[in-house]
Amino acid sequence: MGERWWRQAALAAVTGATLMVTSFCLDAGPATAEAQSSSAQGPLPTLPTLPSPSLTVSLPPVEPPKVTLPPIKPPTVKPPPIPSATASTRPTAPPATVPPTSGKLPRVGVPAPPSADGPMVSPGSALALIAGDPGADLYPQPPVDAALTPQARQVAALSDVEHRIQYLENILARTRDDLTKVQRGPDPVLHLLMSLTAGGDADASPFAVADSADVVDTPTGRAVALSGAISSGQAELVRRRTEEARLRQEISRRVRTVPAVAAPARTVATVGEGRLGRPLSGRLTSKYGTRFDPYYHVWQLHAGVDLAAPIGTPILAAADGRVSRAGWYGGYGNYTCIDHGRADGQRLSTCYGHQSKLMVSPGQRIRAGQVIGLVGSTGASTGPHLHFEVRLGGRPVDPLPWI
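Residues numbered from 1 in each chain as written. Predicted model: local features only at pLDDT ≥ 70, side-chain atom pairs only at ≥ 80, totals over all residues. Heavy atoms only, no water.

A. How the structure looks around empty space enclosed by the protein. The final tally for this structure, using the stated rule, is one cavity of 30 Å³ or more. Space inside the largest cavity adds up to approximately 50 Å³. Taken together, Leu158, Arg248, Ile251, Ser252, Val255, Val397, Asp398, Pro401 and Trp402 form the lining of the largest cavity. Ranked by the residues each element gives to the lining of the largest cavity, the list is headed by helix H6 (residues 219–255), at four residues. (1 Å grid on protein atoms, 1.4 Å probe; cavity = no way out; pocket = protein on both sides within 12 Å on 5 of 7 lines; lining within 4 Å. Points joined across faces, edges and corners; volume = space filled by probe spheres on them. Helix = DSSP H or I, 4+ residues; strand = E, 2+ residues; numbered from the N terminus.)

B. Local environment of the nonpolar core. Counting residues in each nonpolar core, the largest one holds 43 residues, and the members touching the most others are Leu276, Tyr352, Ile372, Phe388 and Trp402. Residue assignment for this core shows that the elements contributing at least two residues are helix H4 (150–183), H6, strand S4 (305–308), strand S7 (334–343), strand S8 (346–358), strand S10 (371–375) and strand S11 (385–392). The element best represented in this core is H4, accounting for ten residues. Ile130, Tyr296, Ala303 and Tyr335 belong to the second largest nonpolar core, which has 16 residues in total. (Core = buried A, V, L, I, M, F, W, Y, C linked by side-chain atoms within 4.5 Å. Buried < 20%, exposed > 50% of the residue type's maximum accessible area, 1.4 Å probe, protein only.)

C. Expanded view of the pattern of salt bridges. In this structure the tally under the stated criterion is 14 salt bridges. Between Glu244 and Arg248 there is a salt bridge, with the nearest N and O atoms lying 3.7 Å from each other. Remark: Arg248 and Glu244 occur in helix H6; sequence separation between them is four residues, near one turn of the helix. Linking Arg246 and Glu250 is a salt bridge whose minimum nitrogen-to-oxygen distance equals 3.4 Å. Placement of the pair is Arg246 and Glu250 together in helix H6, with a separation of four residues, close to one helical turn. The class of Arg246 is partly exposed, set by a relative accessible area of 41%. Taken together, the salt bridges that share partners define one network made up of Glu169, Arg241, Glu244, Arg248 and Asp398. (Salt bridge = Lys/Arg side-chain N within 4 Å of Asp/Glu carboxyl O.)

D. Structural detail: the environment of Phe388. Along the chain, Phe388 turns up in strand S11. Along the primary structure Phe388 and Leu400 are separated by twelve residues, whereas in three dimensions their C-alpha atoms are 9.9 Å apart. Excluding its chain neighbours within four sequence positions, the residues that come into contact with Phe388 are Pro279, Gly304, Val305, Ala318, Thr350, Cys351, Tyr352, Pro399 and Ile403. (Contact = heavy atoms within 4.5 Å.)

E. How the structure looks around helix H3 (residues 123–132). For H3, the complete set of buried residues consists of Ala126, Leu129, Ile130 and Gly132. Considered in projection along H3, the buried side chains sweep an arc of 155 degrees and stay on one side of the axis. Facing away from the buried surface of H3 by more than 90 degrees, the exposed residues are Gly124 and Leu127. Where H3 is buried, its residues meet H4 and strand S3 (299–302). (Arc of directions from axis to C-beta.)

F. Looking closely at the packing of H4 against H6. Running from N to C, H4 and H6 cross one another at 155 degrees; their axes reach a closest spacing of 8 Å. In this view, H4 runs roughly antiparallel relative to H6, as classed from their interaxial angle. Here H4 and H6 pass one another in a crossing that is left-handed. Of the residues belonging to the contact of H4 with H6, the class tally is 17 nonpolar, six polar and 14 charged. (Axes fitted to C-alpha atoms, helices over the stretch in contact; angles between N-to-C directions. Parallel < 35°, antiparallel > 145°, perpendicular 65-115°, else oblique. Left-handed = near helix turned anticlockwise from the far one by under 90°. Nonpolar A, V, L, I, M, F, W, Y, C, P; charged D, E, K, R; others polar.)

G. Highlighting unusual backbone geometry. We note that His297 has phi near 60 degrees; this positive angle belongs to a residue other than glycine. Note on placement: His297 falls in the loop between strand S2 (289–292) and S3. Despite not being glycine, Asp344 has its phi angle at roughly 55 degrees, a positive value. Within the secondary structure, Asp344 is located in the loop between S7 and S8.

Written as structure tokens, this is what we have:
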């Protein structure tokens, strides 16, 4: 079969070549050549016509080679290092400002007063707070009740007067410092003018002279203005302290008519005709009232009394009641308050600050004389002691007439 195919293919190739040569010679030769050739050789024989074989070639399918590519690994990208949270990388929030009081504009950059349950104010922040608002409380104050009775209004008036005294004391302290700085400069007429303006107007505001537009901006003029402000501030301070003494006497006088509150702890030493038990027998080291705070070094209302005692001394409840607060409370440190019902027409409570350990929880019922905690020195404290408060309607009053 294969040999026959090759023979047919060779015969077809020879025949095709012969036909091509013959066709070329016939087309290229002139008519005379044809005549001569014909006469010499005679007529050409007629070649038989061979059929053209139809060739069908079947090739086997060629399969493409299988190429296995190695898996492509994604490039390893290392994330950029995360900077450590240091003081230089931490975002710093802008300081809050003191809200305006008494129509004064707030001072930019002065931190806001602490919230009721916020952290303790640092001594450095205290100076900025008092510079922005001399009457600001550096210790948190619990909510107060509405003053609806004559007794409650009297206690509220006492609270207002005491805060005004604190404001005046801080203003006077700052004004005296300013005057001292001015007096350091040499001025021959300074002392003469200061002596002539001593006394001042008792009814004037502490800022009345300092804000006068007629004062010349010279060392002498500033000294005169500051001296006048100090004189008028001292005059108001005398009036306010007199008013404070009168209100405290009236409030303390009524304490003697108040019946004993919820069985006070008679096993604890009491003073006079007190209506509350004494929380411990420590020595009295600081009384109630406005004072120069030993921790913050500014004037603040001392809302209770301090009783010195070693750390770990048991603190006793002054009367029966229910715990309304027990936990950390700003400058008071570990602080407990107990509600004892009503007395003198107002809600009566006692509070205990700077404890080293709290031994009660909010909502707990307490019996008079029960141990509620241990003496410590937490919060804004300079040594181990108990800070003890008596509050009417949430406002502090002098505890001594009550114990």
